[in-house]
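# Summary of the model geometry
So you can see what is in the structure, the chains are spelled out below.
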Amino acid sequence: MPTLRDITGILEDAWTRLDEGADAPAGPAIYPFPGDVAGNDPALTGIHIANDVDPESVVPMFDRVSLISVAFPAFTDGRGFSIGRRLREAGYTGRLRATGPVLADQFRYLLECGFDEVEVPDALAARQPQEQWERAADAVTLNYQRGYAGRRNILEARREARGV
Amino acid sequence: MYSYDEFDERFVRERVAQFRDQVARRLDGSLTEEEFRPLRLMNGLYLQLHAYMLRIAIPYGSMNGRQMRMLGTIAEKWDRGYGHFTTRQNIQFNWPKLKDIPDILDALADVGMHAIQTSGNCIRNTTSDPFSGVATDEIEDPRATCELIRQWSSLHPEFTFLGRKFKIAVTGASSDRAAIRVHDIGIEIVKNEAGETGYRILVGGGLGRTPMIGKELRAFLPREELLPYLEACLRVYNMHGRRDNKYKARIKILVHELGIDTYREHVEAEYARIDRSNTAADMAEFARIAEQFAPPAYPELPEQSAIFERALKAHPDFAHWVEQNGFAHRVPGFMAVTVSLKPVGGAPGDATSEQLRVLAEAAEQYSMDELRITHEQNVVLPNVKKDELFALWTLLKSQGLDAPNKGLVTDIIACPGLDYCALATARSIPVAQEISKRFSDPARMADIGPLAIKISGCINACGHHHVGHIGILGLDKAGVESYQITLGGDPANDASLGERTGPGFSYDQVPGVIETLVETYLGLREPRETFLQTYRRVGMAPFKEALYADAA
Amino acid sequence: MARAFRPVVLTANDLVEGDVVWWTGAVWSRDVSDAEVFDTPEAAEAAEAALNTPEHAACTVGIVRVEVEMRDGAPFPTLRREQIRAERRPTFDYLPTSKVSEAA
Ligand code: HEM
Ligand code: SF4
């Protein structure tokens, strides 16, 4: 079983991943994009997208799904960060999941790009226990970039310090 | 000079602590080498042939005496007593131990420096004009813009795992001393018709395996739009740049394959989607940064200095140095000078810890506490009173820092090459040393005039050979070092890439080859014509003939 | 056409120090002349496989083969690059004079 976690800790994964064309189970299920999800209950519907999918093509599905999973085929392949950011900028408010062998050291960046949770494969999860993810999330508590979620923004902090 | 506020300081300290933890996790097996490698690279740590190498950023090449002194201390305490300045306004130490790196980074943080993103597939140290703030042809000091970009690009959540490295250079002057045309993004500070200051944006330049000159993406970008616009540029690259082939992963290939117009359409579409008000830096913040680059309080001095004039007459060596290494300052009574790190027969860009300390002292005593690092691997003291130039020269001379060869045949750029670099195919430093010895006669150097020789030890082109008037590229031909020569490259406003002369030469032949090229130029030149001008006038043929005629 | 196999040794960099190290058959040595020489592809492969363990990954980086020839009865690399590594220093006088005696 891969390990699923968010900022609060390790989570039970309620979602079932479906292969292309598989029948829908009763519970919440993640369909491979584009997925035939018309008529599904959005609360029980998620989609999984590869990292070369144009986020624009996912926008029409926003109100039909409550989870989008984005593939990270390798931790060095950073396209997913931009996809997460784009989905949020386009107004997606549901759950956003990063799926793949990402490192604890990238957890903070993922959260800032709009991801809520991370699903990592076993081998990696075994080497990098929860405690490392917690430490990584708080390692650098400030950031310079505006408009990204999460850490304390240095520019805002300065603005406050200037009293405006 | 920008100095860290409490937030910058905390940010860098936390980053050091994080790296300390990452090193510990590598040692205990939590991180494999494959996982650790990009993390260490993003903290400037390479593994080279003989040892680790730590690359430290000197943002836009600007530093003060205290920082320079710390570099000397690091060289002494954790390395072998010297450092190497690079063409990207960084300094490299060639022998540190992994276990010492976190301590070195902490020592750097003590003086407001870091090694963040000096390597790795992320936005690298932003480079600039070494004469920023003092040049007479400047529209605006580019360092405020550079610092804004430095902050914005540091640990950027979205752009830290790009397809490849990403280099940005900024110039604020009409004559480009920052080589912006050979950067992933080149930024030129310009004024529009309404007199507002903004940016001209170039994209897709670069050297390496496939050298390209950057193309214009935007003729004028209003200042407040800079960061959201860069975000759009980077996002398009991050999502669409190639990742199947490391050698095709730079943005120059994307721009080349899409065409500049299509790339621009992508960027503009992305830009239209971005919530600018939520991304842009507020202009009060820009003003806060810019204030720190306000000109120092220059005393009012006459343009002429009697002491200076006397010293020029009494000491021909000094006069020669001033003539060759001096640079006009915009404030009367002041000069900027280049301290050449290219003594005859030396390793280009190397400085010992004693020299680093003398440079620190020179800055504090004679240059209003400012130093600049140039992409020619030299150091600039930007704010020297003419009255004190002679005293400065005397101090520099005591540590062999008085080479009067800025821009001349012995002011050679060379990458570390096979003597240090794990990627190298041939040596470059010893080649530079041999050439330098051949041309050691100052009168001959002066007669030859401006000539930029640039040497890279492999196709990655860290020595900028494509933009050398004479470029030398070291390759491996069946286990033997072989050197390919290019002519006519130049990185400045009318940037051009060098042309190959023909088949390569052996290690031992190279100094003679350079000699032949120089003699050919001397025979062909018209009065006051430089090597580059002669080459541009007469073309390759006579040089080729001189090189290969005997062999035929 | 496949090139004839030449004897090889195994080399890496020390994880903590960064130094070039050579596999002696028992430990990692700083001196190439201590290295164990493998005369057949099979022997080299077997040695590589034996070193592919977490223990070795925890003290070295990048274990690779290097071709050698025998010089005065001891192995020495054939390639320029590896010769420079084996000598543990650049090919020119790289040290500031004050440091020459220390690093020797
Ligand atoms: C010794 C360790 C070094 C290593 C391993 C290294 C590695 C590389 C690589 C792989 C590239 C090609 C990248 C690409 O085009 O995607 C490159 C380019 C470059 N490096 Fe280095 N380099 C080293 C040292 C230096 C030094 C000492 C300098 C300055 C003297 C330097 C400055 C540059 C520059 C200016 C480029 C070129 C062009 C460009 O970005 O388009 N590097 N380096
Ligand atoms: S050009 Fe090649 S040899 Fe020179 S430093 Fe760059 S990667 Fe190394």
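So, a few notes on the structure that sits alongside this text. Just so you know, these numbers come straight off a predicted model, no measurement behind them. (Residues numbered from 1 in each chain as written. Chains lettered and ligands numbered in written order. Predicted model: local features only at pLDDT ≥ 70, side-chain atom pairs only at ≥ 80, totals over all residues. Heavy atoms only, no water.)

### A closer look at the overall build of chain B
Helix and strand content of chain B: 19 helices and 21 strands. The C-alpha atoms of chain B give a radius of gyration of 23 Å, which matches the 24 Å a tight globule of 552 residues would have. Overall size of chain B, expressed as C-alpha extent along the three principal axes, is 60 × 60 × 55 Å. Within chain B, buried positions represent 66% of all 552 residues. Contacts in chain B between residues at least 24 apart in sequence constitute 67% of all its contacts with a sequence separation of at least 6. Of the roughly 18,200 Å² of accessible surface on chain B, 52% is carried by carbon and sulfur atoms. Taking the 63 positively charged and 74 negatively charged side chains of chain B as two groups, their mean positions are separated by 4 Å. (Helix = DSSP H or I, 4+ residues; strand = E, 2+ residues; numbered from the N terminus. Rg over C-alpha atoms; globule rule 2.2 N^0.38 Å. Buried < 20%, exposed > 50% of the residue type's maximum accessible area, 1.4 Å probe, protein only. Contact = heavy atoms within 4.5 Å. Areas by Shrake-Rupley, 256 points an atom, 1.4 Å probe, with all protein chains shown as cover. Lys, Arg positive; Asp, Glu negative; His and termini not counted. Charge placed at Lys NZ, Arg CZ, Asp CG, Glu CD.)

### Overview of the arrangement of the chains
Contacts are most numerous, across the two pairs of chains in contact, for chains A and B. Contact between chain A and chain C is absent, and the least distance between their C-alpha atoms amounts to 12 Å.

### Digging into the site of ligand 1
Residue and element names in this part refer to chain B. Around ligand 1 sit 24 residues, and of these Thr87, Lys167, Leu207, Arg250 and Cys462 come closest. A distance of 3.4 Å is found between a nitrogen atom of ligand 1 and a side-chain nitrogen or oxygen belonging to lysine 165. Backbone polar atom of leucine 207 to an oxygen atom of ligand 1: 2.7 Å apart, as the coordinates give it. Looking at side-chain class alone, the shell around ligand 1 contains eight nonpolar, 10 polar and six charged residues. (Near = heavy atom within 4 Å. Polar contact = N/O pair within 3.5 Å; in protein donor to acceptor, adjacent residues only side chain to side chain. Nonpolar A, V, L, I, M, F, W, Y, C, P; charged D, E, K, R; others polar.)

### Regarding the interface of chain A and chain B
Taken together, the contact between chain A and chain B spans 42 residues of the former and 51 residues of the latter. Between chain A and chain B, roughly 4,100 Å² of surface is buried when both sides are summed, and carbon and sulfur atoms account for 50% of that area. Applying the counting criterion to the chain A and chain B interface returns 13 salt bridges. The shortest N-O distance in the salt bridge between arginine 85 of chain A and glutamate 158 of chain B comes to 3.8 Å. Applying the counting criterion to the chain A and chain B interface returns 29 residue pairs in polar contact (both at pLDDT 80 or more). (Buried area = accessible area lost by both parts, 1.4 Å probe. Salt bridge = Lys/Arg side-chain N within 4 Å of Asp/Glu carboxyl O.)

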